[in-house]
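# Residue-level structural notes
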Amino acid sequence: MSIEKELRIMHACEMGAVGVYRGHKCVARYFFRKNLAELDNMRFHEKDHAAIFSSLLKERNARLCLGHQLFFLGGLIYGVAVGFLGLRAIGTSTYTIERIVDEEFDIALPKFYREKTISDKIRAVQLEEKEHRDSGLELAGEQYFLSGFVETIAKTGAYTAKFLASSL
Ligand SMILES: [Fe+2]
Ligand SMILES: [Fe+2]
């Protein structure tokens, strides 16, 4: 897979993540005001991540993933739906997705061994994803009756986004 394609997938998935946290934030504004700032902070990080990957693609004169705005929309719908399942569901979804993101960056990083600037940027992004994963774990608390269900939909969502991004 080319460097450009890797970056394109990362960009589209970050757009999805912006949507997810935006969706969580919409629900939190009404039901979980105490956690609004925390969720909004994650959304802000994701926006930054998407901007990093889109500018790397631009620098290389490479295109973005087709329909990348739809990743935002898909993420948004998913994020609102999970939000309605409650704050612990938001936490469960967050740690599940961010764990996958962290693994995917670990898998992708060696492919960038010749591109020091890009790998440094990816590592910085990855640090924030690890923070998100840990906040998610904290929000989720101990396993509860919805944990398995939310983990399954979060996993499906994350891998579907990756699959779509690599085909578009
Ligand atoms: Fe991100
Ligand atoms: Fe994240």
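Residues numbered from 1 in each chain as written. Chains lettered and ligands numbered in written order. Predicted model: local features only at pLDDT ≥ 70, side-chain atom pairs only at ≥ 80, totals over all residues. Heavy atoms only, no water.

## Some remarks on a nonpolar patch on the surface
Taken together, Leu66, Phe163, Leu164 and Leu168 make up a surface patch of nonpolar side chains, about 390 Å² in accessible area. With respect to the helices and strands, the residue Leu66 is situated in the loop between helix 2 (36–59) and helix 3 (68–84). (Patch = residues over 30% accessible without salt bridge, like charges linked within 9 Å, V, L, I, M, F, W, Y side chains within 5 Å. Areas by Shrake-Rupley, 256 points an atom, 1.4 Å probe, with all protein chains shown as cover. Salt bridge = Lys/Arg side-chain N within 4 Å of Asp/Glu carboxyl O. Helix = DSSP H or I, 4+ residues; strand = E, 2+ residues; numbered from the N terminus.)

## Details of the coordination of the iron ion (ligand 2)
In an ideal tetrahedron of four donors about a metal, each angle is 109.5 degrees. In an ideal octahedron of six donors, the angles are 90 or 180 degrees. The coordination sphere of the iron ion (ligand 2) contains the protein donors Glu46 (OE), Glu98 (OE), Glu98 (OE), Glu129 (OE) and His132 (ND1), at a distance range of 1.9 to 2.7 Å. Here the donor residues for the iron ion (ligand 2) map to a single chain with the spacing E-x51-E-x30-E-x2-H. Between the iron ion (ligand 2) and the iron ion (ligand 1), a spacing of 3.6 Å is present, and a bridge between the two is formed by Glu46. Placement of both Glu129 and His132 in helix 5 (residues 116–140) is noted, with a separation of three residues, approximately one turn of the helix. On the accessibility criterion, His132 (2% relative accessible area) is buried. (Donors = N, O, S within 2.8 Å, 3.2 Å for Na, K, Ca; no water. Buried < 20%, exposed > 50% of the residue type's maximum accessible area, 1.4 Å probe, protein only.)

## A few points about the layout of surface pockets
Roughly 750 Å³ of volume is contained in the largest pocket. Lining the largest pocket are 37 residues, with Cys13, Gly157, Ala158, Ala161 and Lys162 sitting closest to its centre. Listed by contribution, the elements that provide at least two residues to the lining of the largest pocket are helix 1 (3–31), helix 3, helix 4 (87–108) and helix 6 (147–167). Grouping the amino acids of the lining of the largest pocket by side-chain chemistry returns 22 nonpolar, seven polar and eight charged. (1 Å grid on protein atoms, 1.4 Å probe; cavity = no way out; pocket = protein on both sides within 12 Å on 5 of 7 lines; lining within 4 Å. Points joined across faces, edges and corners; volume = space filled by probe spheres on them. Nonpolar A, V, L, I, M, F, W, Y, C, P; charged D, E, K, R; others polar.)

## Concerning the coordination of the iron ion (ligand 1)
The coordination sphere of the iron ion (ligand 1), as far as protein atoms go, consists of Glu14 (OE), Glu46 (OE), His49 (ND1) and Glu129 (OE), spread over 1.9 to 2.2 Å. Geometry at the iron ion (ligand 1) is irregular, judged from its four donor atoms and the angles of 87 to 146 degrees they form at the metal. All donors of the iron ion (ligand 1) belong to a single chain; written as a sequence motif, their spacing is E-x31-E-x2-H-x79-E. (Tetrahedral: all angles 85-135°; square planar, octahedral: opposite > 155°, others 65-115°.)

## Section: the packing of helix 3 against helix 4
To characterise two packed helices, one gives the angle between the axes of the helices and the distance between these axes. For the pair helix 3 and helix 4, the least separation of the axes is 7 Å and the interaxial angle reads 135 degrees. Classified by the angle between their axes, helix 3 and helix 4 sit oblique to one another. Two secondary-structure elements touch here, helix 3 through Tyr78, Val82 and Gly83 and helix 4 through Ala89, Ile90, Ser93 and Ile97. Along the lines of polarity and charge, the residues of the contact of helix 3 with helix 4 split into five nonpolar, two polar and no charged. (Axes fitted to C-alpha atoms, helices over the stretch in contact; angles between N-to-C directions. Parallel < 35°, antiparallel > 145°, perpendicular 65-115°, else oblique. Contact = heavy atoms within 4.5 Å.)

## Description of the nonpolar core
Membership of the largest hydrophobic core comes to 18 residues, with the highest contact counts inside it found for Ala28, Phe32, Leu39, Tyr78, Val82, Ala89 and Ile90. Listing elements by their share of this core, those giving two or more residues are helix 1, helix 2, helix 3, helix 4 and helix 6. Excluding residues that lie within four positions of it along the chain, Leu39 makes contacts with Tyr21, His24, Ala28, Ile90 and Leu139. Leu7, Met10, Phe105 and Ile118 belong to the second largest nonpolar core, which has 14 residues in total. (Core = buried A, V, L, I, M, F, W, Y, C linked by side-chain atoms within 4.5 Å.)

## Structural notes on the packing of aromatic side chains
Taken as a whole, this structure holds four aromatic pairs when the rule is applied. With 5.7 Å between their ring centres and 85 degrees between their planes, Tyr144 and Phe145 make a pair best called edge-to-face. The class of Phe145 is exposed, set by a relative accessible area of 74%. Cluster of aromatic residues (ring-pair linked, three or more members): Phe31, Phe32 and Phe84. It is Arg88 that lies over the ring of Tyr144; its NZ or CZ is 4.3 Å from the centre. (Phe/Tyr/Trp six-rings, centres within 6.5 Å; stacked < 30°, edge-to-face > 60°. Lys NZ or Arg CZ within 6 Å of the ring centre and 35° of its normal.)

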